[in-house]
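Topology and contacts: notes
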Amino acid sequence: MVAALGLSLVAGIALGAVHVPFAAVLEVLGHHLFLVPDERTWSRPRESIVWDVRLPRVLLASLVGAGLAVCGMALQAMVRNLLADPYLLGVNSGASTGAAAAILFGVTLGLGEHALSASAFVGALAASVLVYAVARSGGRVTSTRLLLAGVAVGYALQAVTSFLIFASDSAEGARSVMFWLLGSLALAGWGQPLALAAVVVLLTVAVLTIFGRQLDALGVGDETALALGVSPERLRTLLLVLVSLCIAVVVSAAGSIGFVGLVVPHLARRAVGAAHARAVPVAALIGAVLLVWADVIARVLLAPQEIPIGIITAVVGAPFLLILVRRLQATAA
């Protein structure tokens with residue numbers, strides 16, 4: 001999977017509306033990373049396409065895919081539901097509400113060009129705090145309370161986002177919000193959002209891998225977890241904070257991208273088993289590869305027009321969901 005990710009990154013840089021030969025991609029990357037070759041044998045526009053436009057884009061795609069995949073795996077253990085995904089907590093809906101407010105009504109928070117990402121991030125964190133407060137209000141944070149709180153908050157914030165779209169008089173702004181709601185990596189670039197996504201996603205993967213045994217116990221049941229010395233409530237609270245932060249960061253950077261957190265955990269478990277210490281890193285790699293290629297398809301399918309990446313992941317994920325439901329029905333029978 002590491003080798004597949006490396007090849008996917010190079011292919012993601014080479015393929016697009018303007019094709020760049022693989023040899024040229026390797027030369028530009030080698031020059032910037034290792035100062036080899038010393039002399040430039042390529043044009044400035046080609047170097048700009050490779051280094052300034054596509055490299056940060058494929059890096060962000062890999063980070064977003066990895067983040068959504070591992071968060072989906074953690075959530076499925078937290079709520080003990082194989083159909084759980086990162087948008088179960090309503091964090092995605094909070095990010096969408098914040099982004100819609102920034103696009104339609106100019107809520108910039110004084111952050112200039114980073115206003116869209118910052119507003120989405122603030123909305124996502126506010127949604128996660130609200131979900132935790134609702135789940136906590138009834139006593140301990142259980143999987144059922146967390147699930148119901150996330151669904152309720154998510155639907156409420158979706159209604160708020162829809163209201164903002166209809167309340168706005170800007171047709172162009174409404175189109176921008178709808179495109180963002182379907183996911184896009186068009187805003188990727190060298191800067192703080194990419195660096196923040198790298199730090200948060202890598203930290204999330206590391207923590208979930210270290211807590212693999214505790215996740216195994218939590219996935220079996222609260223009673224089993226208690227018998228093994230794991231506090232379900234404390235662990236769920238820690239995971240909720242970590243997962244909410246990771247989802248907030250990736251959604252604020254790339255918009256709403258569905259099905260990655262639902263599909264990839266099942267692929268990882270089939271590859272290496274259900275133990276989270278092994279499955280989490282594999283899920284991160286599979287998610288990264290999947291989203292890099294989804295972005296390539298989104299860029300080249302109707303080039304030069306770009307398709308929202310969420311459409312591509314939905315086309316892949318929806319049939320998988322139907323297959324999974326049929327298998328669950330067969331198992332129950």
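Now for a description of the structure that goes with this document.

Assigned secondary structure in the protein consists of 14 helices and zero strands. In summary, the protein has a C-alpha radius of gyration of 20 Å against a globular reference of 20 Å for 333 residues, a match within 12%. The dimensions of the protein, computed from C-alpha atoms along their principal axes, are 65 × 50 × 35 Å. Burial status across the protein gives 50% buried among its 333 residues. Total accessible area on the protein stands at roughly 15200 Å², and carbon and sulfur atoms take up 68% of it. The protein carries 19 positive and 15 negative side-chain charges, and their two centres are separated by 12 Å.

This part takes up the nonpolar core. With 94 residues, the main nonpolar core has L146 and I257 as its most contacted residues. For this core, the element with the highest residue contribution is helix α3 (residues 44-79), accounting for 19 residues. Sequence-distant contacts of L146, defined by excluding residues within four places in its chain, comprise M78, V79, L89, V131, A135, V141 and L240. In this structure, A100, A101, L104 and L164 belong to the second largest nonpolar core, which totals seven residues.

The next thing to look at is the packing of aromatic side chains. For the structure shown, the criterion picks out one aromatic pair. Their ring planes at 35° and their centres at 5.4 Å tell us that W51 and W190 sit as a pair that is tilted. In this pair, W51 is assigned in helix α3 and W190 in the loop between α7 (171-181) and α8 (192-210), connecting sequence segments 139 residues apart. Using a relative accessible area of 18% as the deciding quantity, one classes W51 as buried. Classification of W190 as partly exposed rests on a relative accessible area of 43%.

Attention now goes to the packing of helix α9 (residues 212-220) against helix α11 (residues 232-254). Where α9 meets α11, the closest approach of the two axes is 11 Å, and the angle between their N-to-C directions is 115°. The way α9 lies across α11 gives a crossing that is left-handed. Contact with α9, carried on its side by Q214, L215 and L218, involves P232, L235, R236 and L239 of α11 and no other residues of that element. The residue makeup of the contact of α9 with α11, split by class, is five nonpolar, one polar and one charged.

Here the focus is the packing of helix α1 (residues 2-14) against helix α13 (residues 276-300). Where α1 meets α13, the axes come as close as 9 Å, and the angle between the chain directions of the two elements is 20°. With respect to α13, the element α1 is oriented roughly parallel. For the pair α1 and α13, the crossing hand works out as left-handed. Where α1 abuts α13, its residues V2, A4, L5, S8, L9, A11 and G12 lie against L285, A288, V289, V292, W293, V296 and R299. Residue composition of the contact of α1 with α13, by class: 11 nonpolar, two polar and one charged.

Relative to the helices and strands, S62 resides in helix α3. Residues in contact with S62, not counting those within four places in the same chain, are L5, L9, A288 and V292.

A grouping of L33, F34 and V36 is seen on the molecular surface, where their side chains present a nonpolar patch of about 350 Å² in accessible area. With respect to the element layout, F34 can be found in helix α2 (residues 22-34). You can call F34 exposed: its relative accessible area is 63%.

Attention now goes to α11. Counted at 1.5 Å a residue, the expected span for α11 with its 23 residues is 33 Å, and the 32 Å between its end C-alpha atoms agrees. Among the 23 residues in α11, 17 count as buried, and that is most of the element. G255 sits one or two residues past α11 and shows a positive phi near 80°.

Glancing now at unusual backbone geometry. A positive phi angle, near 75°, is found at F259, a position not held by glycine. Assignment of secondary structure puts F259 in the loop between α11 and α12 (260-272). Residue classification places F259 among the partly exposed residues on the basis of a relative accessible area of 24%.

Following the sequence through the fold, G94 ends up in helix α4 (residues 91-105). Residue class for G94 comes out buried when judged on its relative accessible area of 2%. G94 sits 10 residues away from A84 along the chain, and the two C-alpha atoms are 18 Å apart. With sequence-adjacent residues up to four places away left out, G94 is seen in contact with A120, G123, A124, A127 and L157.

Take the pattern of salt bridges next. Two side chains that carry opposite charge are able to pair once their charged atoms sit near each other. In the structure shown here, the tally under the stated rule is five salt bridges. With its nearest N and O atoms 2.7 Å apart, the salt bridge here joins E306 to R57. Here the residue E306 occupies a position in the loop between α13 and α14 (309-332), and R57 occupies one in helix α3, the gap between them amounting to 249 residues. A relative accessible area of 9% means that R57 is categorised as buried. As a salt-bridge pair, R175 and E172 come within 2.7 Å of each other at their nearest N and O atoms. With R175 and E172 both in helix α7 and three residues apart, the pair spans about one turn of that helix. A relative accessible area of 48% means that E172 is categorised as partly exposed. Each of R57, D295, R299 and E306 takes part in salt bridges that share partners, so that together they form one network.

The rules we used
Residues numbered from 1 in each chain as written. Predicted model: local features only at pLDDT ≥ 70, side-chain atom pairs only at ≥ 80, totals over all residues. Heavy atoms only, no water. Helix = DSSP H or I, 4+ residues; strand = E, 2+ residues; numbered from the N terminus. Rg over C-alpha atoms; globule rule 2.2 N^0.38 Å. Buried < 20%, exposed > 50% of the residue type's maximum accessible area, 1.4 Å probe, protein only. Areas by Shrake-Rupley, 256 points an atom, 1.4 Å probe, with all protein chains shown as cover. Lys, Arg positive; Asp, Glu negative; His and termini not counted. Charge placed at Lys NZ, Arg CZ, Asp CG, Glu CD. Core = buried A, V, L, I, M, F, W, Y, C linked by side-chain atoms within 4.5 Å. Contact = heavy atoms within 4.5 Å. Phe/Tyr/Trp six-rings, centres within 6.5 Å; stacked < 30°, edge-to-face > 60°. Axes fitted to C-alpha atoms, helices over the stretch in contact; angles between N-to-C directions. Left-handed = near helix turned anticlockwise from the far one by under 90°. Nonpolar A, V, L, I, M, F, W, Y, C, P; charged D, E, K, R; others polar. Parallel < 35°, antiparallel > 145°, perpendicular 65-115°, else oblique. Patch = residues over 30% accessible without salt bridge, like charges linked within 9 Å, V, L, I, M, F, W, Y side chains within 5 Å. Salt bridge = Lys/Arg side-chain N within 4 Å of Asp/Glu carboxyl O. Expected span 1.5 Å × (residues − 1).

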